Amino acid sequence: MADIESEEVKNLQIEFEWLMKAEVHAILRKLRELLVECAARFPVPLYDNEGKRTEKYHLVATQDQLKCSVTLTGDSITQADISYKIKRTSNQVQRTCITSDAPWKLQQVQDAANYLQQAKNHIDNIDENYNFRSAEEVLQIIGELVGALQRGRSSLLIPKKRSIEDLMKGRNMKSLTPNLPEDQAISFFLQCHKLIIAVYQLLNVQGTVKMEATQAECSVGWLNEVLVLFTVALTLCQQLKDKINTFKMDVLS
C-alpha cells in the first residue's frame, strides 16, 4: 500500500514538473494569441493593428424622444447630430452637434486598451525558456493577468457613474455646438456591446427639482467580439489557476 502511494506521489510530482516546465508556457502562448486577437478588434492603435477605424451608427429612442447619428473614429465621436424633445414643453426640440474640430472622447475604449496592453506586457516579460520555480510564482503571474483582464473588461461593461453636476461640467460637454441650456446635459458611454447616448433634463416640479433621463442605444459589433475574447482569456487563466492549485494540494499534502 505504501509503495502504491509512493508511486502515485512520484507520478504526481512528474506531472507537476511537466506542467510547470511546458504546459504553463503553452497556455501563456495561447493567452498571448487571444490578447493579440482581441487587440485587432479595437478601433485604436494597439500592438500591430492598423489603428483608427471609422464607423457610423444611428441611435433612436422610443416615440422619437431622442435621435442621434454618430461617427465613431477610434476612441472618439468625431461627428454627431443630436435632437431630442424638451420635457418641459410639448413640441419644442433641442438640437446640437459634435464636429471633428472638438471630438467627444470615449475614455472607456482607451482604458480597456491600456489594460489589455498591461496583460500582454505581463506575458511578454516572461522568457519562453524560463523555468518557473514554484506554484506561487505562477499563481502570482496569473493573478496579475486576471487583474488586468478584469479591469479591461469592466471598463467596457460598467461605465463610471457620474453625478448630473459632473456631467454638466465635464469637458466633453464643450464638444457640443451649440451649447446646451444649463438645465440639460448629454452623456455618451459604452455598456456591454452597446453605445448609448443619455440626455438629462432638470425639471422644476412644484418647487422640487427632478431629473428626467432619456436614452437611445445601438449595438457595436467589435465590442461584443472584444468582450468575448476577454472572457475566454479569463476562463483560460482560471483553468490554469485551478490546475496549479490542484497539483499544489496533491503534491504538497
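Sequence order as written defines residue numbering, which begins from 1 separately in each chain. Only residues with pLDDT of at least 70 are given local features in this predicted model, and only at 80 or more are side-chain atom pairs given and counted; all residues enter the totals for whole chains, interfaces and linings. Hydrogens and water molecules were not included; the side-chain quantities draw on all heavy atoms of the structure.

A.B. asks: Help me understand the packing of aromatic side chains in this model?
C.D. replies: Within a pair of aromatic rings, the relevant descriptors are the distance that separates the centres and the angle that separates the planes. Aromatic rings from Phe, Tyr and Trp, taking only the six-membered ring of Trp, are treated as a pair when their centres fall within 6.5 Å; an angle between ring planes under 30 degrees marks them as stacked, one over 60 as edge-to-face, and anything in between as tilted. Under the criterion given, the structure shown has three aromatic pairs. Consider the rings of Trp 104 and Phe 188, whose centres lie 5.2 Å apart with planes at 75 degrees: the pair is edge-to-face. In this pair, Trp 104 is assigned in strand S5 (residues 104–105) and Phe 188 in strand S7 (residues 184–191), connecting sequence segments 84 residues apart. Helix and strand definitions follow DSSP, with helices as H or I runs of at least four residues and strands as E runs of at least two, each counted in order from the N terminus.

A.B. asks: Looking at this structure, how should I read the side chain of Glu 23?
C.D. replies: Relative to the assigned elements, Glu 23 resides in helix H1 (residues 2–41). Contacts: residue pairs with any heavy atoms within 4.5 Å of one another. With near-sequence residues (within four places) excluded, Glu 23 lies in contact with Trp 18 and Lys 243.

A.B. asks: Just to check I follow, could you spell out the sheet that holds S7 for this structure?
C.D. replies: The strands making up a sheet associate through hydrogen bonds between their backbones, and the pairing can be parallel or antiparallel. Strands were regarded as paired on the criterion that DSSP finds at least two bridges between them. Reading across from one edge, S7-S8-S9 is the order of the three strands in this open sheet, with antiparallel pairing throughout. Edge strands, defined here as strands with exactly one partner in the open sheet, are S7 and strand S9 (208–219). Strand-to-strand twist of the sheet, defined as the mean angle between neighbouring strand axes without regard to direction, takes the value 20 degrees. An axis is simply a line fitted to the C-alpha atoms; with a helix, the fit covers only the stretch in contact. Between two such axes, the angle follows the N-to-C directions and lies from 0 to 180 degrees.

A.B. asks: Just to check I follow, could you spell out the nonpolar core for this structure?
C.D. replies: Nonpolar side chains tend to gather and get buried jointly when the protein is soluble and globular. Within this scheme, the nonpolar core is defined by two criteria: the residues are buried Ala, Val, Leu, Ile, Met, Phe, Trp, Tyr or Cys, and they are joined through side-chain atoms within 4.5 Å. Residue burial is assigned from relative accessible area. The probe radius is 1.4 Å, only protein chains are included, and a residue is buried under 20% of its type maximum, exposed over 50%, and partly exposed in between. Formed by 79 residues in total, the largest nonpolar core has its most connected members in Phe 42, Ile 82, Ile 186 and Phe 188. Per-element accounting of this core gives the leading share, 13 residues, to helix H5 (residues 221–252).

A.B. asks: Would you take a moment to explain the pattern of salt bridges for this structure?
C.D. replies: Between side chains of opposite charge, pairing is possible as soon as their charged atoms come close. A side-chain nitrogen of Lys or Arg and a carboxyl oxygen of Asp or Glu constitute a salt bridge if their distance falls within 4 Å. All told, the structure shown has 11 salt bridges when counted by the stated rule. Residue Arg 41 is joined to Glu 225 by a salt bridge in which the shortest nitrogen-to-oxygen separation is 2.8 Å. Separated by 184 residues along the polypeptide, Arg 41 in helix H1 and Glu 225 in helix H5 bring together distant segments of the chain. One network of salt bridges, in which partners are shared, links Arg 32, Lys 120 and Asp 124.

A.B. asks: Got a minute to help me understand the environment of Ala 112 in this structure?
C.D. replies: Position of Ala 112 relative to the elements: it lies in helix H2 (residues 107–124). Relative accessible area serves as the criterion here: at 0%, Ala 112 is assigned to the buried category. It is 11 Å that separates the C-alpha atoms of Ala 112 and Asp 75, two residues lying 37 residues apart in sequence. If we ignore the near neighbours within four places in the chain, the residues touching Ala 112 are Phe 42, Gly 152, Ser 155, Leu 156 and Phe 230.

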